[in-house]
Amino acid sequence: MIPPVALQWLRSPSLSPLWTVVRGRLQRNGRRAEGRLTVHCGSLQERDAVGQLLGRAVGTSVTVDLAALDRLLRSSAAGTGLVEVVEAVTGPVPDRRADAAAERDRRAALRGQVLATASEAGLDGQEWVTDWLDAVWRSGIIGRLPSPAVLTQAVTVFGLVLGETSRLWSRGELAEQVTGTAHGLDDDTLLNRLVLRGIALATASPAPGSAVERRALWESAGVAGDTVATTVLTYGLRPLGDGWQARQLRERASSHAETHLTLRDLRGLLPLALEPQAVYVCENPRILEAAAQLTLPAAMICTLGNPTVVTLALLDALATLDGVRLQYHGDFDWPGVAIAGRVMRRTGAFPWRFGAADYEAAVRATRDPQTPPHRLTGAPTATWWDPDLAAAMHREDAAVHEERLTDTLLADLV
């Protein structure tokens, strides 16, 4: 306890410039009474008060040795050291150095916890997970998290919708599973924003800026808002069975007509049954349209870019059928091969003219000396089904979109 009379004098306004400067130094150097600093004394009263405390005459500025001041205060009427005096006069002095170290340790532990959750969720080795974490760290949001659990919840969502054993969800169902409330992934929640940022990275998609884009991004990860708003484009599917949905599809296939199926339609077709056959999956609707115009006999599905929830539901159902072989082709660009990798890994589909040799042939066939090639854009992606494909794309740096290969692809459907 500093005696009241001494404390009253130490709190005099004339000593405020000294304590302000000393407090700042103590906050920065770990609350240690070490080093020297300069104090500016603008008035005669301030010079007199500081001089009286230090025991010597001072001018408008004075150099103060903190260790010496600490010893002086301990031997004075205050009877305690510099840190205690400054806290008695100005309030608690935080140790910013220790606080910063503790915050670094906390963040490192949190990052380790998130990565451990990612591993448990089957996301080991996914570069986009690290990219997502880095982006979250750079955003500064870590210091404002209402709870660290929101990050592990986000990674749990990634595992459920993007992992090896992912299945189709409605958003409310997914939110209930992860957060305990059906509203845990509503548009206005931090968890929703964090998850969408990760899905965008995982699917090489731009960050969504509108409600429509957010819904589309959710659907690309197999999360539905409802069962009727989105469809999958099909052609030539002839499911077995006597139900009206199966009969309708067979009739449209016989008429060489394309069919858009909603998730509700698809659920009416399940369990799906087909004769053993190849089902060709394309990314661009022009391929399916051309096949229909030529009345080709093949069965086809078009993903229309990133597959929506209903597209994934149909592909998943077909992937379980004995004798049905899914064949996939997409754009030869980085987003296209990223989509291909996800679809083939998820469904077991085989590449359909979608390897390194096919890409190199496509580059040669579409090269025009009068027109510069379309350069590759987006994040480079490994092509696990044919590592030479990614190497060739790096080397050629040319994008070949699927519709430019229409004739080549249609030749397989005759």
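None of the values given here were measured: they were computed from a predicted structure.

Trainee: Could you give me a rundown of the side chain of T203, with the residues and numbers involved?
Mentor: Positionally, T203 belongs in the loop between helix 10 (190-202) and helix 11 (211-220). Classification of T203 by relative accessible area gives buried; the value is 2%. Within the structure, the side chain of T203 is placed 2.8 Å from the side chain of S205, a separation counted as a polar contact. What T203 contacts, discounting residues up to four positions off in sequence, is L217, S220, N306 and R342.

Trainee: Can you explain the packing of helix 10 against helix 11? Please cite residues and give values.
Mentor: One way to put it is that helix 10 packs onto helix 11 with a least axis distance of 10 Å and a crossing angle of 65°. Crossing of helix 10 over helix 11 shows left-handed handedness. On helix 11, the residues that touch N192, V195, L196, I199 and A200 of helix 10 are R214, L217, W218 and S220. The residue inventory of the contact of helix 10 with helix 11, partitioned by class, reads six nonpolar, two polar and one charged.

Trainee: So what's going on with the packing of aromatic side chains? Which residues, and what values?
Mentor: In the structure shown here, the tally under the stated rule is eight aromatic pairs. Ring centres of F332 and F354 lie 4.7 Å apart, and the angle between their planes is 20°; on these two criteria the pair is classed as stacked. Residue F332 is found in the loop between strand 9 (324-328) and helix 16 (334-347), and its partner F354 is found in the loop between strand 10 (350-351) and helix 17 (356-366); the two are separated by 22 residues along the sequence. Using a relative accessible area of 0% as the deciding quantity, one classes F332 as buried. Ring centres 5.7 Å apart and planes at 85° place the aromatic pair W384 and W385 in the edge-to-face group. Taking relative accessible area as the criterion, W385 reaches 16% and is therefore assigned buried. By the ring-pair criterion, three or more aromatic residues cluster together here, those being Y328, F332, F354, Y359, W384 and W385. Positioned above the aromatic ring of W137 is the side chain of R111, whose terminal nitrogen or guanidinium carbon lies 5.4 Å from the ring centre. We note R325 situated over the ring of F350; from NZ or CZ to the ring centre the distance is 3.6 Å.

Trainee: Tell me what's going on with helix 4 (residues 66-74), and back it up with residues and numbers.
Mentor: Each α-helix winds once per 3.6 residues, and so residues spaced three or four apart point in a common direction. For helix 4, the complete set of buried residues consists of L66, L69, D70 and L73. Seen end-on, helix 4 carries its buried residues on one side only, within an arc spanning 105°. Sitting at the head of helix 4, D65 places a side-chain oxygen 3.0 Å from the backbone nitrogen of A67.

Trainee: Just give me the short version of the environment of L240, but keep the residues and values in it.
Mentor: Position of L240 relative to the elements: it lies in the loop between strand 5 (231-235) and helix 12 (244-254). On the basis of relative accessibility, which here comes to 42%, the residue L240 falls in the partly exposed class. Once the C-alpha coordinates of L240 and L269 are considered, the two residues, 29 residues apart in sequence, prove to be 9.5 Å apart.

Trainee: Give me the lowdown on the nonpolar core, citing residues and values where you can.
Mentor: Ranked by size, the top nonpolar core spans 66 residues in total, and within it M300, L318, Y359 and L413 carry the most contacts. The element best represented in this core is helix 15 (residues 309-319), accounting for seven residues. Every residue in contact with M300, bar those within four places of it in the chain, is listed here: L233, T234, Y235, Y280, C282, I287, L288, A291 and L413. Grouped together as the second largest cluster of nonpolar side chains are 37 residues, W132, A175, L185 and L196 included.

Trainee: Break down the sheet that holds strand 7 (residues 277-282) for me, with residues and values.
Mentor: An order of 6-5-8-7-9-10 is seen for the six strands of this open sheet, with the pairing classed as mixed. One side of each edge strand has no neighbouring strand; the edge strands of this open sheet are strand 6 (258-262) and strand 10. Bridge count for strand 7 against strand 9 is five bridges, and the pairing is parallel. Within strand 9, the position partnered with V281 by the bridge is Y328.

So, how was this worked out
- Residues numbered from 1 in each chain as written.
- Predicted model: local features only at pLDDT ≥ 70, side-chain atom pairs only at ≥ 80, totals over all residues.
- Heavy atoms only, no water.
- Helix = DSSP H or I, 4+ residues; strand = E, 2+ residues; numbered from the N terminus.
- Buried < 20%, exposed > 50% of the residue type's maximum accessible area, 1.4 Å probe, protein only.
- Polar contact = N/O pair within 3.5 Å; in protein donor to acceptor, adjacent residues only side chain to side chain.
- Contact = heavy atoms within 4.5 Å.
- Axes fitted to C-alpha atoms, helices over the stretch in contact; angles between N-to-C directions.
- Left-handed = near helix turned anticlockwise from the far one by under 90°.
- Nonpolar A, V, L, I, M, F, W, Y, C, P; charged D, E, K, R; others polar.
- Phe/Tyr/Trp six-rings, centres within 6.5 Å; stacked < 30°, edge-to-face > 60°.
- Lys NZ or Arg CZ within 6 Å of the ring centre and 35° of its normal.
- Arc of directions from axis to C-beta.
- Core = buried A, V, L, I, M, F, W, Y, C linked by side-chain atoms within 4.5 Å.
- Pairing = 2+ DSSP bridges.

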